[in-house]
Amino acid sequence: MTFSLRASICAQLTYITGVTGLILLLLSTAEVRASEQASPNAVRSFLENNCYDCHQGDSAEAALDLEKLSFDLGDNSNLQRWVRVYDRVHQGEMPPSDYGEADAKERQAFLAATNHGLTNFQKSVHTKYGRVRGRRLTRKQIERSMQDLLGIDVPLLDYLPEEQKTDGFTTVASGQGMSHFQLAAHLETVDIALDEAFRRALSPEDDYQRDFDAQGVARTNPKRRCREPEMRQGKAVIWSSGMIYYGRLPATTAKEDGWFEFEVTVSGIKLPKTGGVWSTVRSGPCVSSAPLLSNITTFEAMEEPKVVKFTAWLPKGHMLEIRPGDTTLKKGRFAGGQVGVGEGEPQDLPGIAFDRVTMKQVHLNGDDKQVREFLFGDLKVEPQKDKRKPWKVISTNPKADAERLLTRFANRAFRCPVTSDELQPYLEEVNAAIDDKVEFVDAIRLGYRALLCSPRFLYFAEEPGSLDDYEVATRLSYLLTGSTPDDQLMQLASAGKLRDSETLKQQTRRLLSGKSGEKFLHEWAAEWLDLDQIDFTQPDSKLYRDFDPIVEQAMLAETETYLHEMLKDNLSVSHLIDSDFTYLNSRLARYYDIEGITGDELQRIKLKPQSRRGGLITQGAIMKVTANGANTSPVIRGVWVSERLLGVDVPPPPSNVPAVEPDIRGAKTIREQLAKHRSQGECASCHTKIDPAGFALENFDPTGKWRDHYPLIQGRGVKKGPEIDASYELPSGQEFKNIQGFQKIITSHPHRLAANVAEHLLVYGTGAKIEFADRPQVETIAHKAAADDYGFRSIIEHVVTSDLFLSK
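To start, this report covers the structure provided alongside it. (Residues numbered from 1 in each chain as written. Predicted model: local features only at pLDDT ≥ 70, side-chain atom pairs only at ≥ 80, totals over all residues. Heavy atoms only, no water.)

**Some points on the state of the cysteines**
A covalent bond bridging the sulfur atoms of two cysteines is what the word disulfide describes. Applying the stated rule across the entire model yields 0 disulfides. A disulfide-free cysteine, Cys286 has its sulfur positioned 13 Å from the sulfur of Cys226, the nearest such atom. Here Cys416 stays free of any disulfide, with the sulfur of Cys453 as its closest cysteine sulfur at 18 Å. (Disulfide = S-S within 2.5 Å.)

Written as structure tokens, this is what we have:
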């Protein structure tokens, strides 16, 4: 079976790579009407008259020799060059204004010929092979699919290799591979998932509960200096300190891997003037040999005890660490890396005090009865006296039962009805095991393992042309839930109703309701907005002392909650750029210098003009993922905003042009450096598009705080440097003085914002880049969304009912 799996996948990869070797012509030489097919002469004539002076020979600008540019679009580099040439001519960038205006008829003939040739070429390839080829499940989709197929909740991501992003997403087929290493990791992950499913189905239910009072979580020996809580006035106390693992709770150590629900009754002591004692909850071994800790949640402890509830995955041997985590709090000094009882009290430190901690093992994706039903259907599972195998599956007709169970499982795993011929190779393996007197449980497990290792599970099985109903169900489900279609989608597919636009919209609303919508936005925004990279850089603690993990987690929550509000209320995509509200808790509000906010829960806040915030574009999470932790770059932020939010494609810079590095000594501002950079002719055309958004955001530092001056590093100190100038001019000639002016201009043109959201969603959901021939359909989606003021949810609904989404 393993050989068959490898052979099948290798065959698919060979098929995928073979497509790129196609050689097709840009323009047909057949004699057709000029309105249908323009002559290549129109292309060459325009280039000769308007472009060859700068783009010809060895000294051609930007190394683009148009005279030698081939019409062979089977070479993707040629194809992309022609698209770039078309775009620059269409946008009026070529020929440049100082060269002289091109003849209008000649220009139009060039655009018509090039448009027709590019579109016809790509459509012919799409007709034969589809827009997307050889797309497989991502590691997250594999994890969630196995969890839902088996009813388990054990995390599986760590067993699967990290994946690269292509065009911003891991779902893009052209960037996906399947190496021998990935195959081996997948096989291991399948075995781990099946181990957990069969363990739960054939053993007593997991039952682990503990209830600790203050003494139960405090250090066991009051005379020993350590990093556990100390008893103070009947409560277990942790003081504010920078010491690692101070606040670890060995009592919460997991005896086995599992999900645990915790309830922590806690209060703050010696509260700071800023409010309560903001604290972090993390987990890990909490020993020096394993320094990494996983973030779980944050909370604000006040004088009155409160119950903090959370659910966390704890591997065997891991425990909780709960401690004051606000970096602005006064911190204690303790000798020798340990804390003795009474050492924090005289230092007048803030702290937190525990009254009680309870923990209970839970399962998040169904109970053991559900797992048994997925694996064994209606077969009886009875207890027996053998401690090694406490449960037994009763089958009076093993081969018939195996065929019935495998058929049902295959239908779910392959996401469509499976014929008896398709099932036969898997069934033969199970029947052979039964004939060899292998126990029924072990035999059926072989079949499940083979199905989960099949290319039919790993890959999207789609044929060129319109998707059938089961393929629509699969594509819609993986877009919105990241997992296999549920029963309702499969029933609609069976009834042939999923090609109906209204039905698709109804199912989209159902799948995006409540927590499901939050999960979709979490997964999509993680890649679309790079929120999964928020930990990639660590801000310089000397420059940005107020930033801490509490602020970072609040920023992430702000952005995700804001996006969910846009989805739930179908707010216009202009809210990505500007709005009069956001979501804050007291810690993030203090970080943003917004007064009057109390409590650790996110609250919808109406923003005042003096806050200088509004829209997703000014939120801290966005500012952090677009900076390197030490300084900001209008180029980096400008490229990011252009591509992710504004829908402006930015080509990579020429290889012979060095990057612009900010002068941290303050000798030159970034504006002065970029002015010199733009003086190079090949740089100006792109920076005209990039720089406006980047400079508009320069008042936000790398951690999302507002600033009026650049920092000036002198020796070991940091002083106030040059004043920030956020003014600029857009390619349209419109000028703005600050972020508010930029927002006003951009929000007055929501159509492009809507088209951009549609593009990113289509790439994420179909696994194919938006190509030249796809552009008209993207525009159609945006035009349809205009009827609902370009509502966020409306765009999603028009995407899933578009031909682009409903075709391979």
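**A word on the nonpolar core**
Grouped together as the largest cluster of nonpolar side chains are 96 residues, with contacts concentrated most on Phe520, Trp524, Leu529, Leu645, Phe742 and Phe792. Among the elements that take part in this core, helix H24 (residues 750-766) stands out by supplying 9 residues, more than any other. Setting aside chain neighbours within four positions, we find Trp524 in contact with Phe169, Val757, His760, Leu761, Tyr764 and Phe792. The next biggest cluster of nonpolar side chains, apart from the first, holds 54 residues, and it includes Phe414, Val418, Tyr426 and Ala443. (Core = buried A, V, L, I, M, F, W, Y, C linked by side-chain atoms within 4.5 Å. Buried < 20%, exposed > 50% of the residue type's maximum accessible area, 1.4 Å probe, protein only. Helix = DSSP H or I, 4+ residues; strand = E, 2+ residues; numbered from the N terminus. Contact = heavy atoms within 4.5 Å.)

**Focus on helix H20 (residues 634-646)**
One full turn of an α-helix is made of 3.6 residues, so residues set three or four places apart face in the same direction. When the terminal C-alpha atoms of H20 are compared, their 15 Å separation across 13 residues is substantially less than the 18 Å that a helix rising 1.5 Å per residue should span. Taking burial as the measure, the 13 residues of H20 include 10 buried ones, the bulk of the element. Among the residues making up H20, those that are buried are Pro634, Val635, Arg637, Gly638, Trp640, Val641, Ser642, Arg644, Leu645 and Leu646. Immediately beyond the C-terminal end of H20, within one or two residues, lies Gly647, with a positive phi of roughly 75°. (Expected span 1.5 Å × (residues − 1).)

**A short note on unusual backbone geometry**
Residue Met94 is joined to Pro95 through a cis peptide bond whose omega torsion reads -10°. Here Pro95 is to be found in the loop between helix H3 (76-90) and helix H4 (104-129). With a phi close to 70°, Lys437 is a non-glycine residue in the positive phi region. Residue placement: Lys437 occurs in the loop between helix H10 (420-435) and helix H11 (440-452). Taking relative accessible area as the criterion, Lys437 reaches 74% and is therefore assigned exposed. The phi angle at Asp593 is positive, at roughly 60°, despite the residue not being glycine.

**Considerations on the packing of aromatic side chains**
Applying the stated criterion across every chain, the model contains 22 aromatic pairs. Consider the rings of Phe547 and Tyr591, whose centres lie 6.2 Å apart with planes at 65°: the pair is edge-to-face. One end of the pair, Phe547, is in the loop between helix H16 (514-528) and helix H17 (549-568); the other, Tyr591, is in helix H18 (residues 586-591), with 44 residues separating them in the sequence. We note that Phe547, like Tyr591, is buried. Seen from their ring centres, Phe695 and Tyr728 are 5.1 Å apart, and the 10° between their planes marks the pair as stacked. Taken together, the positions of Phe695 in helix H22 (residues 681-696) and Tyr728 in strand S17 (residues 728-729) put the pair 33 residues apart, joining distant regions of the chain. (Phe/Tyr/Trp six-rings, centres within 6.5 Å; stacked < 30°, edge-to-face > 60°.)

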